[in-house]
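# Overview (structure and organization)
Each chain, letter by letter, is given below.
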Amino acid sequence: MRLVQAILCGVATAVCLAGVAARPAAGNASASLLVDVEPRQPWVGQPVVLRVRLVLLRDLAEEPAYVPPVTTGFWTEAASRPESYYATQAGRRALVTETRTRLYPLAPGVARIEPATADLVFVGADRSGETEEGGPSRQQSLRSAPVAVVVRPLPAGAPDPLPGARGGYKSG
């Protein structure tokens, strides 16, 4: 569990899920990486929660190589500390590590949150990458689905969401 927490602790940008933007581990996959946001159609400046969940069905042998999603078009707060818990996925017990980040959309239009990636190495595999039972490979690369966020403009007459944030600058 600490290995999973370690990869997500240093994430200072976006993080986590809601099931719309990614699929859980399919068939005999040992893990999945899920990314989602809430709300999906915010107003300019409205807080959006980005969640990233790493779902593990097997134990890790080493710290994963994790790259958080890029969140161009948003002002981003620091990510939360990772929280781990157990859940059931396809009838199996899974360790889920989740992080959350608050985002603020900067302009109306479609903003895209890029995929998060993680390279994992699991315990119990021999040098060929196969488990003794002939199961899945010891290594697995994960990539979440990108997330499109439709940012709505503020209604006419709404107050400026960033008062005092604009202005001119003169040198000299």
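Further up the page is the structure itself.
So, here's what we can say about the structure. Throughout, residues of each chain are indexed from 1 in the direction in which the sequence is written. Totals for whole chains, interfaces and linings use every residue, but because this is a predicted model, local features are given only for residues with pLDDT of at least 70 and side-chain atom pairs only at 80 or more, for both listing and counting. Processing note: side-chain calculations cover all non-hydrogen atoms of the structure and skip hydrogens and water entirely.

## Quick word on the overall build of the protein
The cut-off we apply is this: Here a helix means four or more residues in a row that DSSP labels H or I, a strand means two or more in a row labelled E, and each is numbered from the N terminus. Each residue is assigned to one of three classes by its accessible area relative to the maximum for its type, calculated with a 1.4 Å probe on protein chains only: buried under 20%, partly exposed between the two thresholds, exposed over 50%. Two residues form a contact once any of their heavy atoms are found within 4.5 Å. Computed with a 1.4 Å probe, the accessible areas rest on the Shrake-Rupley method; for each residue, only the protein chains presented here act as cover.
Assigned secondary structure in the protein consists of one helix and ten strands. What you see in the protein, going N to C, is helices and strands ordered as α-β-β-β-β-β-β-β-β-β-β. When burial is assessed residue by residue, the protein has 38% of its 172 residues classed as buried. Across the protein, contacts joining residues at least 24 apart in sequence account for 72% of those joining residues at least 6 apart. Of the roughly 9800 Å² that the protein leaves accessible, carbon and sulfur atoms contribute 51%.

## So, the pattern of salt bridges
Where we set the bar: Counted as salt bridges are all cases of a side-chain nitrogen of Lys or Arg within 4 Å of a carboxyl oxygen of Asp or Glu.
Tallied over the full model, the rule gives five salt bridges. Residue glutamate 98 is joined to arginine 51 by a salt bridge in which the shortest nitrogen-to-oxygen separation is 3.7 Å. On the criterion of sequence distance, the pair formed by glutamate 98 in strand 6 (residues 92-105) and arginine 51 in strand 2 (residues 48-56) is long-range, its members being 47 residues apart. Note on glutamate 98: relative accessible area 6%, which makes it buried. Between glutamate 98 and arginine 100 there is a salt bridge, with its nearest N and O atoms 3.1 Å apart. The exposure class of arginine 100 is partly exposed, given its relative accessible area of 28%.

## Section: the nonpolar core
Most often, soluble globular proteins keep nonpolar side chains buried together rather than apart. Note the threshold: Think of a nonpolar core as a cluster: buried Ala, Val, Leu, Ile, Met, Phe, Trp, Tyr and Cys residues, connected wherever their side-chain atoms sit within 4.5 Å.
Judged by nonpolar contacts, the single largest core of 25 residues is most densely connected at Leu33, Val37, Leu56, Ile113, Leu120 and Val149. Of all elements in the fold, only strand 1 (31-38), strand 2, strand 6, strand 7 (109-113), strand 8 (117-121) and strand 10 (147-151) reach the threshold of two or more residues within this core. Broken down by element, this core gets its largest block of residues, five residues, from strand 2. One finds Leu34, Val55, Leu57 and Ala94 within the second-largest nonpolar core, a separate group that totals five residues.

## Regarding the pairing of strand 2
The test is simple: Any two strands with at least two DSSP-identified bridges between them are counted as paired.
The buried fraction of strand 2 amounts to seven of the nine residues, a majority that puts the element mostly inside the structure. Inspection of the sheet shows strand 1 paired to strand 2 by eight bridges, in the antiparallel sense. Its bridge partner being in strand 2, valine 35 is matched across the sheet by valine 52. Sheet analysis places strand 2 next to strand 6, joined by nine bridges and oriented antiparallel. Bridging across to strand 6, valine 52 finds its partner in threonine 99.

## Comments concerning the sheet that holds strand 8
So the rule is basically this: Axis lines are fitted to C-alpha atoms, over the contacting stretch for helices. Their N-to-C directions set the angle, which ranges from 0 to 180 degrees.
The antiparallel open sheet is built from three strands, whose spatial order is 3-8-9. Lying at the two open borders of the sheet, with one neighbouring strand each, are strand 3 (65-67) and strand 9 (139-143). Along the sheet, successive strands turn relative to each other by an average axial angle of 10 degrees, direction set aside. When strand 3 meets strand 8, the two strands line up antiparallel, connected through three bridges. Paired with tyrosine 66 across the strands is alanine 118, a residue of strand 8.

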